[in-house]
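As a plain string of letters, each chain reads:
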Amino acid sequence: MKIVTFNQANSILNQYLAEVRNINIQGDSLRFRRNIERIGEIMAYEISRDLPYHPIEIQTPLAKTCENVPAVQPVLATILRAGLPLHQGFLNYFDHAENAFVSAYRKYIDIEHFDIHIEYIASPRLDNKILIITDPMLATGGSMELAYKALLTKGEPSHIHIVSVLASQQAIEYLQKTLPDAKTTIWCGAIDPELNEHSYIVPGLGDAGDLCFGEKE
Ligand code: PRP
Ligand code: URA
């Protein structure tokens, strides 16, 4: 399974990553959402280089010419609710893409234990399509696994791109065991070493959904 970790190279993405992690900056929710969206835009550009391309002939006002353009559009899927700004970043670039949405939330049994619940899915058919699933946080990897399995009820994609801003090392290892090796690529801003006792990524950034949209009851 190919894994791309953006912060291993120098790019402007690292500045957005630093801002979403920074406790003195991340409280500005407009900037937080926009930074996640900008990270999505950069990742969408990088993934666009992995798509199949074909030449098309176009007429300019002056002459005919040819451009190589994506031969297919991916399906953009995201996990509600924290996935929305990252999804928007992808949609800004893949504006012809189809879209899919899955809900996932942690239902706590006690302070340390929770189940993940999927209650909503809206997706086109996925057979033989390139599927991009975005979620800013891969902590245990459980939400991504369940969202992927829910999406499989809509058909077998030809390739799956898993996209996150931050992933824990544990989630990466879990998804490597769980997702189909030959046709999955994981793209993440950074891989962090630990999870705490609440299964939050450390150092991480905190609660991505709350930082985007406010605390939930
Ligand atoms: C966050 C995040 C992922 C999940 C990651 O969502 O957006 O979906 O946690 O954790 P996991 O890898 O251990 O499953 P959360 O459950 O906080 O819901 P929200 O988007 O509604 O805030
Ligand atoms: N969800 C988040 O928003 N952050 C984490 O670190 C883990 C799950």
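Just so you know, these numbers come straight off a predicted model, no measurement behind them.

(A) Inspection of the site of ligand 2 at higher detail. By nearness alone, every residue bordering ligand 2 is listed as Arg 106, Met 137, Ala 139, Ser 199, Tyr 200, Ile 201, Gly 206, Asp 207 and Ala 208. A distance of 2.8 Å separates an oxygen atom of ligand 2 from a polar backbone atom of Ile 201. Between ligand 2 and Gly 206 there is a distance of 2.8 Å, counted from a nitrogen atom to a backbone nitrogen or oxygen. Compared with its free state, where it exposes 240 Å², ligand 2 has 88% of that area covered by protein. Among the residues forming the shell around ligand 2, the class breakdown is 5 nonpolar, 2 polar and 2 charged.

(B) Structural detail: the UniProt feature "domain: Phosphoribosyltransferase" (unreviewed entry) in the protein. UniProt records the feature "domain: Phosphoribosyltransferase" (unreviewed entry) at residues 12-214, using the numbering of this structure. Taken end to end, residues 12-214 is 33% helix and 33% strand, and its first and last C-alpha atoms sit 27 Å apart.

(C) Local environment of the site of ligand 1. Close to ligand 1 lie 16 residues, the nearest being Arg 106, Asp 135, Ala 139, Thr 140 and Ser 143. Between ligand 1 and the protein, one listed contact pairs an oxygen atom with a backbone N or O atom of Gly 141 at 2.8 Å. Breaking the shell around ligand 1 down by element, the ones donating at least two residues are β10 (137-138) and α4 (142-152). Looking at side-chain class alone, the shell around ligand 1 contains 7 nonpolar, 5 polar and 4 charged residues.

(D) The pairing of strand β12 (residues 184-192), seen in detail. Within β12, 8 of the 9 residues are buried, which leaves the element mostly enclosed by the surrounding structure. Where strand β1 (residues 2-5) and β12 come together, 4 bridges link them in parallel fashion. Within β12, the position partnered with Val 4 by the bridge is Trp 187. Of the strand pairs in this sheet, strand β11 (residues 159-168) and β12 are connected by 8 bridges, and their pairing is parallel. Paired with Leu 166 across the two strands is Ala 190, which belongs to β12. In the classification by handedness, the crossover that spans β11, the intervening helix α5 (residues 169-178) and the parallel β12 is right-handed.

About the cut-offs
- Residues numbered from 1 in each chain as written.
- Chains lettered and ligands numbered in written order.
- Predicted model: local features only at pLDDT ≥ 70, side-chain atom pairs only at ≥ 80, totals over all residues.
- Heavy atoms only, no water.
- Near = heavy atom within 4 Å.
- Polar contact = N/O pair within 3.5 Å; in protein donor to acceptor, adjacent residues only side chain to side chain.
- Areas by Shrake-Rupley, 256 points an atom, 1.4 Å probe, with all protein chains shown as cover.
- Nonpolar A, V, L, I, M, F, W, Y, C, P; charged D, E, K, R; others polar.
- UniProt positions renumbered as here; feature names shortened; annotations may be inferred.
- Helix = DSSP H or I, 4+ residues; strand = E, 2+ residues; numbered from the N terminus.
- Buried < 20%, exposed > 50% of the residue type's maximum accessible area, 1.4 Å probe, protein only.
- Pairing = 2+ DSSP bridges.
- Right-handed = clockwise from strand over helix to strand, strands pointing away.

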